[in-house]
Amino acid sequence: MKCCVGMTVLIAALSPGLAASAADENADSQKQKELRPASERFASPDTDEIPDFRRLVVPVIGKLGCNSRACHGSFQGQGGFQLSLFGYDFKMDHDGLLERVDLETPADSYALHKATLDEPHRGGKRTEKGTWEYNVLLKWIAGGAKNVDLENSPTFERLEVTPSELRFSKAGETVQLKVVAVWSDGSREDVTCMCRFQSNDDQIADVSKTGEVVNQQAGDTHIVAFYDNGVQPIPVIRPVTDTVGEKYPKLATKTKIDGLVIEKLAKLGVVPSDVAGDTEFLRRVTLDMTGTLPTPQQIRDFVADANADKRARKINELLETPAYAAWWATRFADWTGNSDDQLNNVTPVRAQAAQDWYEWLRARVEKNVPYDRIVEGIVLAKGRQGDEDYLEYCASMSEIYQRNSEASYADRETMPHYWARNNFRQPEDRVIGFAYSFLGIRMQCAQCHKHPFDAWTMQDFHEFKNFFVHTTFRNSPGAREGAEKLVTDLGLDTKLRGNDLRRQITPLLAQGKVVPFDEVWTRKVEPARETNGNNRRRQQNNRGGNQPREARLLGESEATDLSQFEDPREPLMAWMRSNDLMAKALVNRVWAAYFNVGIVEPPDDMALANPPSNKPLLDYLTQGFIDSGYDLKWLHREIANSDTYQRTWVPNDSNHGDQRNFSHSIPRRIPAEVALDALVAATSADDEFGKMLTDVDRRSISIASAGSRYNENRQNYSLSVFGRSIRESNCDCDRSEQPSLLQTVFLQNDQDVYRLIDQGRGGWINQVASELGMRQTRTAGSAGNNSERQIARAETQIRQLKAELKKAKKADDEAEATKVARRLEFAEKQLARLTGVDKADDKASATAQSANDAEKIPDIIRRTYLRTVSREPSADELERTVAHVKSSENQLDGVRDVLWALINTKEFIVNH
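Starting afresh in each chain, residues are numbered from 1 along the sequence in its written order. Residues qualify for local features only when their pLDDT is at least 70, as the model is predicted, and side-chain atom pairs are given and counted only at 80 or more; totals for whole chains, interfaces and linings, by contrast, use all residues. In computing side-chain properties, one takes all heavy atoms of the structure into account and sets aside hydrogens as well as water.

Asker: Just give me the short version of the overall build of the chain, but keep the residues and values in it.
Answerer: A run of DSSP states H or I qualifies as a helix once it reaches four residues; a run of E qualifies as a strand once it reaches two. Both are numbered from the N-terminal end. Scanning the chain from terminus to terminus reveals 38 helices and 17 strands. Of all 912 residues assigned to the chain, the portion counted as buried reaches 52%. Here, two residues are considered to be in contact whenever any of their heavy atoms come within 4.5 Å of each other. Summarising the internal contacts of the chain: among those between residues at least 6 apart in sequence, 67% fall at separations of at least 24. A total accessible area of about 41800 Å² is found for the chain, and carbon and sulfur atoms account for 49% of it. Here's how the labels work: a residue is buried when its accessible area is under 20% of the maximum for its type, exposed when over 50%, partly exposed in between, all with a 1.4 Å probe on protein chains only. All accessible areas in this document rest on Shrake-Rupley with a 1.4 Å probe, and a residue is counted as covered only by the protein chains that are shown.

Have a look at this one:
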């Protein structure tokens, strides 16, 4: 082969014409090898060809719909006849069909009579006599109805589709696809007539059963061809404007990302939006990177900075903040499934395992540990470190949980809680969860049948599963004897088990005692032993159990001998480093966090039938991430420094409909933890707001876990309103960032929001009151033992009565105004009793300060805008809000109104 390549190069160098001739001859040779479509070869039953069961019969059955979920491919089959769903269990399908064929008189076969409706068939007529599909089945039966010999048959390699990209110019245009299957022996066959086709967006382009694609409207999507184990997407593009080719403007491309994005946009005739202004950029990048609003002072300093590199410096600055580590540790906790509900009883201390998990992740994000090493610390995790025996392991773990201990779980080499979860004990659950977490693929379909949208078969799933069966939680070697010794030393009854034992040892642990801990451990797979001197396949025996000694990695043809490794998970981790699946999944998830949409969307469905919207972009970032040594900060910088990320959300005439090609920023509701922290920041005094990037331990972005217990307090309820991840399945869909009516009601009326606005010391309104020389009239913190709920109700009633009074006065309804005024006076007195503040005294204070405060109000309004929507108010906004504050009976109430109104704008709750 190398010789042939060398000769081709030499011929090209000596004579370009001769080289072209040789290439044409080679192409002709390939064409001669290519089998014509089965629809032509079997148009007549007179052909001598005997159809291959795998290449022809199973695809025809699929084409006719016989092995679909609604027919014989269902889990219970139909009419006593079952086929494998989507057809990849050849033995099952062959055995089932063999009972329904007549080898002596093929045309009398029951299977053919059913398909042609000569026999009653609930599925209806699937084909006519004499069609090529009928002839394929007839000739197969006449040839002996043989199954495929998988061991001695060529394997499927790939699909080749022409054209490889579809370019349309107007609605109604059609293109016929041609699909060629290539096998390992070099044989090629036109399989267009046997393919299954789908459009990923039939409003852009639709495809017929025969592979004819018709354009519907402008935009881009993919047509996907399916045959055997092949899944091949074909890009479809129709420009949305006539600004293509020479008409497309010459645009600057600051980074490689920008070049690859604009290359795709140019095909679509889409011109990207301008780069965002400083305040828009700063708000977006600070929220995305650290889950934090920028402070008013940070905004003013950034806008005033005239240096050209200030954005790059800001990105580097944010990457060094504790808030960056806290927020991205939370994202990793989402993706890996850190949930209190699933970690019940993993440690003697309730809810501690989830905190361990989070702190372990946060420490590594903060130190910028390479991503592959973070994954390795999870995939190869075990309880004991180094040469620890069981008692030493318990001693080191007990030290971590003792009061005032300097030891930290984050210092442990690995993070075994991932393997100890209640929903991660069975091998099947582990395959599904592992694939979600680290590969971004959905394997659950392949558990029972061939994956309908990917290359994975049921055999792939179950042979891959064998990597996960040897790792166990509890019952480790030496644990039983060691635990009994520790329990005895503690003076407890050795018969205590479960919660009874846990209740006894938890307080002892806090006192500094060493207590027993369960652990994650992995059984060493022993080499094969011959049985009775024979060389036949030996029994799969390991510690008396049925433990497999072989497993097969996804996409690999050869099995791995697990007995060759100290830890049978080692080849799994090595395989993840040897390909780009792990890196690609992480790159896509991080990109989606910055853009609200992945290059592959949804981000955890990287199936072959769900291709990237921009494959060169994903490939570039993936390879760059690998080449950087899996440097997470490299990835953040590469994305955030691009003009693509920094573009404004404001669309232009060409890109207003773009949701997946990154021509402008997509406004999106900020995540739950960030939303609640933003409320805290916006309502806090300047000094408290300024600590948000550094003091993160009490912030929502640092809450370790999720689950049903997670909703037991008010803060957690608030987060659930905004869709914090429930972490039930590792699926990215466990988190919701969709807006809802409940969120609107929460921001407008919930007592938690009013308590934040009206907080005393440390609150923004309290700071404004101090600046104005006034006394804060609504301070939940001053309520003493009075119910905050009573105060909130009284405040709400006063606001409503003021609105009613204003309405009555405007209508010149003197009687109604008098009545409402009396009720308002009573309500204000009631509030004064609850808060200990005399309204009359406060009114006098407000009157005395009114003239002196007039000049301060505009600056207070500007700062209120900066702390909520991260920008200065427009001239009109400033004029109207200042007028409202000055016209208010109490100017502090007027500022409070403005703060409440801004918190309830879409601009506040949306990152743009």
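Additional details are given in the paragraphs that follow.
Asker: So, the packing of aromatic side chains: which residues are in play, and what are the values?
Answerer: In this scheme Phe, Tyr and Trp rings, the latter by its six-membered ring, pair at centre separations within 6.5 Å, and the angle between planes marks the pair as stacked below 30 degrees, edge-to-face above 60, and tilted otherwise. What the rule picks out here adds up to 31 aromatic pairs. Ring centres of Phe-156 and Trp-183 lie 5.6 Å apart, and the angle between their planes is 85°; on these two criteria the pair is classed as edge-to-face. Separated by 27 residues along the polypeptide, Phe-156 in strand β2 (residues 156–162) and Trp-183 in strand β5 (residues 178–183) bring together distant segments of the chain. Its relative accessible area of 14% is what places Phe-156 among the buried residues. Residue Trp-183 is classed as buried on the basis of its relative accessible area of 1%. Aromatic side chains Phe-434 and Phe-468 sit 5.2 Å apart centroid to centroid with 65° between the ring planes, which places their arrangement in the edge-to-face category. Residue Phe-434 is located in helix α17 (residues 427–439), and its partner Phe-468 is located in the loop between α18 (458–464) and β12 (471–473); the two are separated by 34 residues in the primary sequence. Side by side, Phe-434 and Phe-468 carry an identical accessibility label, which is buried. Connected via pairs of aromatic rings, a cluster forms that spans Trp-328, Phe-332, Trp-335, Tyr-371, Trp-591, Tyr-594, Phe-595, Phe-625, Tyr-630, Tyr-645 and Phe-662. Put simply, a charge is over a ring when the Lys NZ or the Arg CZ is close to the ring centre, within 6 Å, and near the line of the ring normal, within 35 degrees. Above the ring of Phe-302, the side-chain terminus of Lys-310 is found at 4.8 Å from the ring centroid.

Asker: I'd like a rundown of the sheet that holds strand β10 (residues 219–227), residues and numbers included.
Answerer: In spatial order, the strands read β3-β11-β10-β7; together these four strands make up an open sheet with mixed pairing. Here the strands that pair on one side only, and so sit at the sheet edges, are β3 (166–167) and β7 (196–199). For helices, the fitted axis covers only the stretch in contact; all axes are lines through C-alpha atoms, and the angles between them, taken along N-to-C directions, range from 0 to 180 degrees. In this fold helix α8 (residues 256–268) packs onto β3, β10 and β11 (230–238), with an angle of close to 65° to the strand it touches most, β11. Any two strands are treated as partners once DSSP identifies two or more bridges connecting them.

Asker: Residue-level account of the pairing of β11, with values.
Answerer: Most of β11 is tucked away: seven of the nine residues are buried. Both β10 and β11 contribute to a ladder of nine bridges, which runs antiparallel. Looking across to β11, one finds that Phe-226 is bridged to Val-231. With antiparallel pairing between neighbouring strands as the criterion, β10 and β11 make up a hairpin whose turn holds two residues, including Asp-228 at a positive phi of roughly 50°.

Asker: Lay out the state of the cysteines in plain terms, naming residues and giving numbers.
Answerer: Pairs of cysteine sulfur atoms within 2.5 Å are what we label disulfides. One pass over the full model with this rule turns up one disulfide. Bridging Cys-731 to Cys-733, the disulfide has an S-S length of 2.4 Å. Torsion about the S-S bond of the Cys-731 and Cys-733 cystine: about 130°, corresponding to right-handed handedness. You can see Cys-71 has no disulfide; the closest cysteine sulfur is in Cys-66, sitting 5.8 Å from it. With a relative accessible area of 12%, Cys-71 lands in the buried category. With no disulfide of its own, Cys-445 lies closest to Cys-448 among cysteine sulfurs, the gap being 8.9 Å.

Asker: With reference to specific residues and values, describe the packing of helix α10 (residues 296–304) against helix α35 (residues 857–868).
Answerer: It is the contact of α10 with α35, at a shortest axis distance of 8 Å, that shows an interaxial angle of 90°. In terms of orientation, α10 and α35 fall into the roughly perpendicular class. Residues Pro-296, Ile-299 and Arg-300 of α10 form the contact with α35, whose own contacting residues are Asp-859, Arg-862, Arg-863, Leu-866 and Arg-867. Tallied by class, the residues present in the contact of α10 with α35 amount to three nonpolar, no polar and five charged. Any angle that is under 35 degrees is reported as roughly parallel, and any over 145 degrees as roughly antiparallel; angles of 65 to 115 degrees are reported as roughly perpendicular and all others as oblique. Residue polarity follows a fixed list, in which Ala, Val, Leu, Ile, Met, Phe, Trp, Tyr, Cys and Pro are nonpolar, Asp, Glu, Lys and Arg are charged, and the others, Gly among them, are polar.

Asker: For the nonpolar core, give the residues involved together with the corresponding values.
Answerer: Side-chain atoms within 4.5 Å are what join buried Ala, Val, Leu, Ile, Met, Phe, Trp, Tyr and Cys residues into a set we call a nonpolar core. Ranked by internal contacts, the top residues of the largest apolar core, which has 170 residues, are Tyr-371, Phe-434 and Phe-464. Not counting residues up to four positions away in its chain, the partners in contact with Phe-434 are Val-379, Tyr-418, Phe-424, Leu-439, Phe-464, Phe-468, Leu-572 and Met-576. Residues Val-57, Ile-61, Phe-168 and Ala-181 belong to the second largest nonpolar core, which totals 47 residues.

Asker: Describe in detail helix α14 (residues 371–379), supporting the description with residues and values.
Answerer: In terms of burial, α14 is largely enclosed, as seven of its nine residues are buried. When α14 is considered as a whole, its buried residues turn out to be Tyr-371, Asp-372, Ile-374, Val-375, Gly-377, Ile-378 and Val-379.

Asker: Mind laying out the pattern of salt bridges, listing which residues take part and the relevant values?
Answerer: Each reported salt bridge corresponds to a side-chain nitrogen of Lys or Arg within 4 Å of a carboxyl oxygen of Asp or Glu. One pass over the structure, following the stated rule, counts 68 salt bridges. Salt-bridge contacts for Arg-36 lead to Glu-40; the nearest nitrogen and oxygen are separated by 3.4 Å. A salt bridge links Arg-660 to Asp-220; the nearest nitrogen and oxygen atoms lie 3.6 Å apart. In this pair, Arg-660 is assigned in the loop between α25 (643–646) and β16 (668–669) and Asp-220 in strand β10, connecting sequence segments 440 residues apart. What makes Asp-220 buried here is its relative accessible area of 9%. Put simply, Arg-300, Asp-686, Glu-771, Asp-859, Arg-862, Arg-863, Arg-867 and Glu-872 are held in one network by salt bridges that share partners.

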